[in-house]
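Structural description and commentary
Listed below are the residues making up each chain.
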There are 2 protein chains.
Amino acid sequence: MIPAPEEEIVSRQRYLQELLAEAGIELALIRQAADLYYYGGIIVDGFLALGPLGEPLLLVRRPQHRLQEQELPFPAAFFKDIKEIPAILGQVGLGHDGALGMELDVMPAALYRRFREQLYPQRPILDLSPLIRRLRMIKSPFEISQIKRAAHILDEVLVSAVEVIEAGVSELELAAVLEYRLRLKGHQGLVRTRGWNLEMFFGHVLSGASGNQAAYVDTPSGGTGFSHGFPQGAGTKLLAPGEPISVDLAACVNGYIADETRLYVVGDLPDPAWEALTLVEKLFTLYEQEARPGVMPGDLYHLLLEEVKAAGRQDQFMGFGQDRVLYVGHGVGLELDEFPIIAAKFPYPLAAEMVIAFEPKFFLPGIGMIGFEDTGRITPDGVEWLTRSPRQVWQL
Amino acid sequence: MIPAPEEEIVSRQRYLQELLAEAGIELALIRQAADLYYYGGIIVDGFLALGPLGEPLLLVRRPQHRLQEQELPFPAAFFKDIKEIPAILGQVGLGHDGALGMELDVMPAALYRRFREQLYPQRPILDLSPLIRRLRMIKSPFEISQIKRAAHILDEVLVSAVEVIEAGVSELELAAVLEYRLRLKGHQGLVRTRGWNLEMFFGHVLSGASGNQAAYVDTPSGGTGFSHGFPQGAGTKLLAPGEPISVDLAACVNGYIADETRLYVVGDLPDPAWEALTLVEKLFTLYEQEARPGVMPGDLYHLLLEEVKAAGRQDQFMGFGQDRVLYVGHGVGLELDEFPIIAAKFPYPLAAEMVIAFEPKFFLPGIGMIGFEDTGRITPDGVEWLTRSPRQVWQL
């Protein structure tokens, strides 16, 4: 168990308090598991209450027993029903009036209405999430070290996939072995996403035609899965010679995620796949040259897209047919879909200590998905890759 | 791939339409993955639009390509941005005015506000989820058959746990093997929950003192996990002789969940554990005698609680210390936290074809968790258990 350093938790709270003051939010109530972990160092059934000044208060419904044994760097109070919250906060001088800030992108509408109509009918409620997501883009040395732990086990497991891959093994069998190995190495299992219905289980292990199947989640690859009940990811299709086999997995250690995609083939890939792969490598080189603090993600996106267009492959880029996604990289950290997004209109420039999964991928009709993904850290001197297994097609 | 029968999808829609008419909802917009699967037989990034009369329309943002290859028993339309939705629905005569129904218990507040303020500023928005959850309580023969598939692989894997359990194996190692076996047998991986922050990954594999650790999720057992980033479930604790080892897992096949808990011990349990187990068995017998269509869950809950109180064990029941949960059973189906709940104030009587995970559990100081869980179907003649592995302590 490696907790986030106490002084780091406090400093995260201070940064948020500055933005609360700027935004005119008098009381932030943080409830989402990833956000609670980030701002409180702890995950409970409850809320972290924080005003623009002073100390926070952790409101805990559950578990009470464990919390009493644990040292917290700030006070906590217990409650049973959320209707007790205004009185508890009133007693400690937290938020008598002014705007409330809550995580409106993830908070259920019914709970929002209860706060607005019953608990705080006089106070406007503003969306706290844009502030939180903006601050969480920049990772601390502690956070980078945790993402490196995730990246390390992911590297090991993706390299070890060569021991399992052979013709006749199913996508599901391959996925299950890799998931098992990740678990034994300390993958926490759960991979958090922020988007509604952005469901995910480890990732996507696909081959040949499966690789071109878009799913209902906003990711370039998808796959069919093996049931209508969860139509994404590995299916029952058997691995076959000459087809690209793509393993796109997320590892999560101590809450922190790394994301990586590698390619394998039994035998050899068809020529068009190798040609697309040359372009993938060119895009990685371009990204490494251009991704720097201060660069706008939209400019970077267009630069990469120009290269793709010059090669006449824009219709195959980042998805199949009309199901292409409009980004080529996404932040990772406590969630798989963090900021920044390398997309046309993302509003903030790149900055040092952002951690981004860069995943240029092509979807070739009749062949499948060709591309790699690596998780890297933006530094003043360029990209430091945190996932580091050989970026190659493993031929078996 | 076994789809839900087409006529069943249509009949589910008809039942919902009746409740829409009663509730004065002119347009239901269904978006949650489990609800879309239930009412559309398909999971997409989009909405199923349904009025109290007539045919539904499936609004699809993604995936478009796959959908064009698939036969649907109702029309579909594509969109890119949700602001197009009112115009598309207006063209097919779906909902010009009157109340909107949306899944407010799971829909993010920000999206709710966009609908209320921008898309449909003139229309009240009512919570659709109570209607959906009420209808989804009663399972069809097709649904029961899918839950049986999940129960069957769960039985097999829980029995096979005896091959792995020995002193010195860690909770995580045991959990990882069982998860791997479930995956190979067709577990879809993802186990859906409805509650906000009700995070879950397969379930909880715990031993001795771990069994008494409440977590941040509303479940009787919890465990510490092995990181602050996901503090629940199996930890790094090693299995040791004389401690109760509890394996509480959910299996999910074709979207449908079964939930089961079994106990194991290396050597023998201490006497107080066996005494608590006698009471667990008595509670199962009582439940089998009393759980019938027409019975109020609150009455059943109190009857069971009286038995617990008569044995002086109310402080150990359904959780440790002040972290006890206030139910003894919960519906399962497409989600792990479905209706009905066997709790004091649940408003609907039991009915035939409800499927309930019944889990009387005691938390003994210094010993750990003692209890079983089985998933069963309510029939006019009593409970038919769908999970059927021997309900015993496996001594190794």
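Position numbers for residues start from 1 in each chain and track the written sequence from start to end. Both sets of labels track the order of writing: A upward for chains, 1 upward for ligands. Totals for whole chains, interfaces and linings use all residues, but because this is a predicted model, local features are given only for residues with pLDDT of at least 70 and pairs of side-chain atoms are given and counted only at 80 or more. Based on all heavy atoms of the structure, the side-chain values leave hydrogens and waters out of the count.

Concerning the overall build of chain A
To keep it simple, the criterion reads: Only DSSP runs of H or I covering at least 4 residues are called helices, and only runs of E covering at least 2 are called strands; the numbering of each starts at the N terminus. The globule rule is 2.2 Å times the number of residues to the power 0.38, and the radius of gyration it is compared with is taken over C-alpha atoms. Between buried and exposed lies partly exposed: a residue is buried under 20% and exposed over 50% of the maximum accessible area for its type, with that area taken using a 1.4 Å probe on protein chains only. Only heavy atoms matter for contacts: two residues are in contact if any of them lie within 4.5 Å across the pair. Under the convention used here, a 1.4 Å probe and the Shrake-Rupley method define accessible areas, while residue burial counts only the protein chains that appear. Neither His nor the chain ends contribute to the count of charged residues, in which Lys and Arg are positive and Asp and Glu negative. Lys charges are placed at NZ, Arg charges at CZ, Asp charges at CG and Glu charges at CD.
Tallying secondary structure elements over chain A gives 10 helices and 17 strands in all. For 396 residues, the compact-globule formula gives about 21 Å, and the C-alpha radius of gyration of chain A, at 22 Å, lands near that figure. Taken along its principal axes, the extent of the C-alpha atoms in chain A is 70 × 40 × 35 Å. Here chain A, with 396 residues, has 65% of them falling under the buried criterion. Here the analysis covers contacts within chain A between residues at least 6 apart in sequence; of these, 68% occur between residues at least 24 apart. Of the roughly 13500 Å² of accessible surface on chain A, 53% is carried by carbon and sulfur atoms. Side chains of chain A carry 35 positive and 52 negative charges; the gap between the two charge centres is 5 Å.

Re the relation of the copies chain A and chain B
The following threshold applies: Least squares is the method used to superpose the copies, on C-alpha atoms of residues holding a pLDDT of at least 70 in both.
You can overlay chain A on chain B at an RMSD of 0.0 Å; the transform is a turn of 180° with a shift of 0.0 Å along its axis. Put plainly, the chains are arranged around a two-fold axis.

Observations regarding the sheet that holds strand 17 (residues 393-395) of chain B
Residue and element names in this part refer to chain B. Put simply, the test is: Note: two strands are recorded as paired if DSSP finds a minimum of 2 bridges between them. Only the stretch in contact is used when a helix axis is fitted, and all axes are lines through C-alpha atoms; the angle between N-to-C directions ranges over 0 to 180 degrees.
Pairing in this open sheet of 4 strands is mixed, and the strands run 7-8-9-17 from one edge to the other. Both edges of this open sheet fall to strand 7 (203-207) and strand 17, since each of them pairs with a single strand only. Between one strand axis and the next, the sheet turns by 25° as a mean value, whatever way the strands run.

Considerations on the domain arrangement of chain A
Residue and element names in this part refer to chain A. Stated formally: Note that domain bounds follow an automatic or database assignment of domains. Buried area counts how much accessible surface, traced with a 1.4 Å probe, disappears from two parts once they are put together, with both parts' losses summed. Here a salt bridge means any side-chain nitrogen of Lys or Arg lying within 4 Å of a carboxyl oxygen belonging to Asp or Glu.
Domain annotation of chain A identifies domain 1 (6-136) and domain 2 (141-395). Opposite the 16 residues of domain 1 that make contact, domain 2 presents 14 residues. Here domain 1 and domain 2 share an interface that buries about 1400 Å² over both sides, 46% of which is from carbon and sulfur atoms. For the domain 1 face of the interface with domain 2, the top three residues by lost area are Y37, R133 and R136, together amounting to 47%. Here E335 and R136 are joined by a salt bridge, their closest N and O atoms 3.0 Å apart. Breaking the side of domain 1 that touches domain 2 down by element, the ones donating at least two residues are helix 1 (6-23), helix 2 (33-40) and helix 6 (129-136). No other element matches the 5 residues that helix 2 contributes to the side of domain 1 that touches domain 2.

With respect to the side chain of T261 of chain B
Residues and elements named next belong to chain B. For the record, the criterion: By the criterion applied in these results, polar contacts are pairs of N or O atoms within 3.5 Å in which, for protein atoms, one can donate a hydrogen and the other can accept it, and in which residues neighboring in sequence qualify only through two side-chain atoms.
Tracing the chain through its elements places T261 in strand 9 (residues 256-265). By relative accessible area, which is 0% here, T261 ends up buried. At 3.0 Å, the side chain of T261 forms a polar contact with the side chain of K361. Within the structure, T261 has its side chain in polar contact with the side chain of E373 (distance 2.9 Å). For T261, the residues in contact, after removing those within four places along its chain, are V247, D248, K361, M369, G371, F372 and E373.

Remarks on the interface of chain A and chain B
Counting from both sides, the interface comprises 76 residues of chain A and, opposite them, 76 residues of chain B. Roughly 6800 Å² of surface becomes buried between chain A and chain B when both sides are summed, with 56% attributable to carbon and sulfur atoms. Sorting the residues of chain A by area buried against chain B places R62, W196 and H228 of chain A first, and these three jointly supply 14% of that buried surface. Remark: the boundary between chain A and chain B carries 6 salt bridges. Across the pair R61 of chain B and D218 of chain A runs a salt bridge, and its minimum N-O distance is 3.9 Å. Here chain A is connected to chain B by 36 residue pairs in polar contact (both at pLDDT 80 or more).

Points about the sheet that holds strand 5 (residues 99-102) of chain B
All names here are of chain B. The strand order 4-3-2-1-5-6 describes an open sheet built from 6 strands, whose pairing is mixed. Taken across any chain shown, the strands that pair with only one partner, and hence form the sheet edges, are strand 4 (76-78) and strand 6 (125-127). Taking each pair of neighbouring strands and ignoring which way they run, the sheet shows an average axis angle of 25°. Looking at chain direction, strand 5 and strand 6 are connected through 3 bridges and run parallel. The residue bridging M102 from the neighbouring strand is D127, located in strand 6. Packed on one face of the sheet, helix 1 (residues 6-23) meets strand 1 (25-30), strand 2 (45-50) and strand 6 and runs near 65° to strand 2.

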